[in-house]
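These are the residues of each chain, in order.
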Amino acid sequence: MVPPEERSEPAWWFAYQENKLLVYEGPSGVSLPLLADFSELELTPLSKHYLGSIDYRHCYAVEVGEGTIPPAGMIFEGLRQLYGRLDEDLFWIAGRAVQIIDWDRTHHFCGRCGTPLRTKSTERAKECPQCGLLHFPRLAPAIIVLVERGKQLLLARSRHFMPGMFSVLAGFVEPGESLENAVVREVREEVGIDVKDIKYFGSQPWPFPHSLMIGFTATYASGEITIDDTEIQEAGWFTVDSLPRIPGKISIARKLIDWFLAKQGT
Ligand SMILES: [Zn+2]
């Protein structure tokens, strides 16, 4: 992505200190700095990356040092805590920004020969000037699947969920596996049942830290719930009127559950 050569109009600045974003905080909520140049905040960035544009506004990611004190009226805030408070389009760009900064920070040298890498200007990649190996931003695809059985849906509790929270099943795709294979394997491994009628639902970037969630719906085919207790603490079939605590609006998990609820007329 090639940055504009000249720019006089203000741009959006996604400034991160570790994984916290710099935002204005005021009585009407939080907002991002919209400035001609980041130096107007009198902070010195460690790195700067062009992200593209939205509604004719250019967007940049910048990284600031650990000890940086936020300017007056501003705070560093975790990205998850900003969902629903920051404009939704800008929120997802902030997710792109944190992943690109993290990739840049963790890819200084070639993994094959150790030579310092050079950033390519024509694509989002770094190239080794010694051996030519290309390094792209890391992206880990994961499937997430809602399994239904008539008026019931399958929900499970992972060991690292907040107390009482249940969600649909999810897991990383393995090398050499199709997304549909991954759905079948994950459901079988985690709860011991087989599914059929696997249908694509939608996808969502999940920048915590660098996943792409690919959502599916599926129908119960056979088997009894037998949980893999290294991953899952509890799993069961739930109906609309017996739902446990479910994930917040930010996640595709919730969109899948809401889809099921809408289908049941709720
Ligand atoms: Zn190399």
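One can find the structure itself at the top, above this paragraph.
So, how was this worked out
Along every chain, residues carry numbers that run from 1 in the direction the sequence is written. Reporting of local features is limited, given that this is a predicted model, to residues whose pLDDT is at least 70; pairs of side-chain atoms are given and counted only at 80 or more, and all residues count toward the totals for whole chains, interfaces and linings. Processing note: side-chain calculations cover all non-hydrogen atoms of the structure and skip hydrogens and water entirely. Listed donor atoms are N, O and S within 2.8 Å of the metal (Na, K and Ca: 3.2 Å). As water is not included, a site may look incomplete. A four-donor site is classed as tetrahedral when every donor-metal-donor angle falls between 85 and 135 degrees; four donors are called square planar, and six octahedral, when trans pairs exceed 155 degrees and all remaining angles lie between 65 and 115, with any other arrangement labelled irregular. In this text, helices come from DSSP runs of H or I with a minimum length of four residues, and strands from runs of E with a minimum of two, each type numbered from the N-terminal end. Only protein chains enter the calculation, and the probe is 1.4 Å; a residue is then buried if its accessible area is under 20% of its type maximum, exposed if over 50%, and partly exposed in between. A cavity here means a set of 1 Å grid points, computed over protein atoms only, where a 1.4 Å probe fits but cannot escape. A pocket is an open set with protein on both sides within 12 Å along at least 5 of 7 lines, and lining residues have an atom within 4 Å of a point. Grid points are joined across faces, edges and corners, and a volume is the space filled by probe spheres set on the points. All residues other than Ala, Val, Leu, Ile, Met, Phe, Trp, Tyr, Cys, Pro, Asp, Glu, Lys and Arg, Gly among them, are scored as polar; the first ten of these are nonpolar and the last four charged. A carboxyl oxygen of Asp or Glu within 4 Å of a side-chain nitrogen of Lys or Arg is what we treat as a salt bridge. DSSP calls a pair of strands paired once it identifies at least 2 bridges connecting them. Each patch is built from residues that are more than 30% exposed by relative accessible area and take part in no salt bridge. Like charges join if they lie within 9 Å; nonpolar side chains (Val, Leu, Ile, Met, Phe, Trp, Tyr) join within 5 Å. A 1.4 Å probe and the Shrake-Rupley method give the accessible areas. Residues count as covered only by the protein chains that appear here. Counted as positive: Lys and Arg. Counted as negative: Asp and Glu. His and the chain ends are not counted at all. One atom stands in for each charge, and that atom is NZ of Lys, CZ of Arg, CG of Asp or CD of Glu. Multiplying 1.5 Å by the helix residue count minus one yields the expected span of that helix. N or O atoms within 3.5 Å of each other form a polar contact, as long as, within protein, one can give a hydrogen and the other can take it, and as long as residues adjacent in sequence are counted only when both atoms are side-chain atoms. Pairing of aromatic rings covers Phe, Tyr and Trp, the last through its six-membered ring, and needs centres within 6.5 Å; plane angles under 30 degrees mean stacked, over 60 mean edge-to-face, and all others mean tilted. Whether a charge lies above a ring is judged from NZ of Lys or CZ of Arg, which has to be within 6 Å of the ring centre and within 35 degrees of the ring normal.

Before going further, it helps to examine the coordination of the zinc ion. All of the protein donors around the zinc ion are C110 (SG), C113 (SG), C128 (SG) and C131 (SG); their distances to the metal are 2.3 to 2.4 Å. Around the zinc ion sit four donor atoms, and with donor-metal-donor angles ranging over 97 to 119° the site reads as tetrahedral. One chain supplies every donor to the zinc ion, and in sequence these donors are spaced C-x2-C-x14-C-x2-C. Placement of C110 in the loop between α1 (88-106) and β8 (118-119) and of C128 in the loop between β9 (126-127) and β10 (134-135) is noted, with a sequence separation of 18 residues between them. Considered together, C110 and C128 belong to a single accessibility category, that of buried residues.

Approximately 1,100 Å³ is the volume found for the largest pocket. Considering each element in turn, the lining of the largest pocket owes the most residues, four residues, to strand β13 (residues 169-172). A breakdown of the residues in the lining of the largest pocket according to their chemical character gives 20 nonpolar, nine polar and seven charged.

For the rest of this paragraph, the subject is the pattern of salt bridges. In this structure the tally under the stated criterion is 15 salt bridges. Between E63 and R105 there is a salt bridge, and its shortest N-O distance comes to 2.9 Å. With E63 in strand β6 (residues 57-64) and R105 in helix α1, the pair connects residues that are 42 residues apart, well separated along the chain. In this structure, the salt-bridge partner of E77 is R85, at a minimum N-O distance of 3.0 Å. With a relative accessible area of 18%, E77 lands in the buried category.

Spatially, three strands are ordered β8-β9-β10 in an open sheet, and the strand pairing comes out antiparallel. The sheet terminates laterally at β8 and β10, the two strands that pair on one side only. Here β9 runs beside β10; their pairing, made up of two bridges, is antiparallel. Bridged to K126 within β10 is H135.

Where like charges cluster on the molecular surface, the negative patch consists of D55, D87, E88 and D89. Considering the arrangement of structural elements, one finds D89 in helix α1.

Over its 19 residues, α1 runs 28 Å from end to end, which matches the ideal 27 Å to within 8%, given 1.5 Å per residue. Two or three places before D89, at the start of α1, stands the capping residue D87, its side-chain oxygen 3.2 Å from that residue's backbone nitrogen.

Okay, the packing of aromatic side chains next. Evaluated as defined, the whole model comprises eleven aromatic pairs. Grouping aromatic residues by their ring pairs yields a cluster made of W13, F38, Y50 and Y60. R80 extends its terminal NZ or CZ atom over the ring of F208, reaching a point 4.4 Å from the ring centre. Just above the ring of Y220 sits the side chain of R149; from NZ or CZ to the centre is 5.1 Å.

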